[in-house]
Amino acid sequence: TLYEPLEEQLGRSTDWTAAGWDFEIRRKTQWLREDLRMLDVSEKELQSWSRCNHLPETESLGAAIGCLYVLEGSMLGGQMISRQFGEKLGITPATGGRFFNGYGADTGRQWRAFGTWAQTASDRAGGLEAPATRGAEQTFRCFGSWLKF
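Residues numbered from 1 in each chain as written. Predicted model: local features only at pLDDT ≥ 70, side-chain atom pairs only at ≥ 80, totals over all residues. Heavy atoms only, no water.

1. A look at the nonpolar core
In this structure, Leu10, Trp16, Ile65, Leu68, Leu71 and Trp117 are the most contacted members of the largest nonpolar core, which totals 26 residues. Mapped by element, the contributors of at least two residues to this core are α1 (3-13), α2 (16-19), α5 (61-89), α7 (107-125) and α8 (129-147). Broken down by element, this core gets its largest block of residues, six residues, from α5. Here Leu68 is in contact with Leu10, Trp16, Trp21, Phe23, Gly73, Phe114 and Trp117, once residues within four sequence places are set aside. (Core = buried A, V, L, I, M, F, W, Y, C linked by side-chain atoms within 4.5 Å. Buried < 20%, exposed > 50% of the residue type's maximum accessible area, 1.4 Å probe, protein only. Helix = DSSP H or I, 4+ residues; strand = E, 2+ residues; numbered from the N terminus. Contact = heavy atoms within 4.5 Å.)

Set out below in structure tokens:
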């Protein structure tokens, strides 16, 4: 798995309360786990899957913001995947497609809220653009390597 160790690392890497972001409500690992269970993947099988150990650096606020940019942005693309799952496979958010549905009809608003927060955090702290860009690039590379593309 990639999401679980990445979210665990992000949860430890930054004082999200001090940064003004509620990271806990943005975690998505549980959505993935619930979807996989709905699709008949057993907990034993889930536990047997290897965990990604080559994660992007998220120890600075800027790097963490860059990583979150990728995770939160993926919810936008997930909307298209969710529609295709429904149309082609009959998989809905209630039947194993929760993760790709993201925040549902609220996905656009949630994305804009993330962008507003990230800009405010950057304005307040200063100098976060370069580490955020590196964090996003590293996260994209991490996903590509893990998914082998």
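2. Quick word on the pattern of salt bridges
Tallied over the entire structure, the rule returns nine salt bridges. The partner of Glu8 in a salt bridge is Arg51, and the shortest N-O contact between them spans 2.5 Å. Separated by 43 residues along the polypeptide, Glu8 in helix α1 and Arg51 in the loop between α4 (43-48) and α5 bring together distant segments of the chain. Classification of Glu8 as partly exposed rests on a relative accessible area of 29%. Residue classification places Arg51 among the partly exposed residues on the basis of a relative accessible area of 35%. Among the salt bridges present, the one from Lys28 reaches Glu72, with a minimum N-O distance of 2.7 Å. In this pair, Lys28 is assigned in the loop between α2 and α3 (29-38) and Glu72 in helix α5, connecting sequence segments 44 residues apart. (Salt bridge = Lys/Arg side-chain N within 4 Å of Asp/Glu carboxyl O.)

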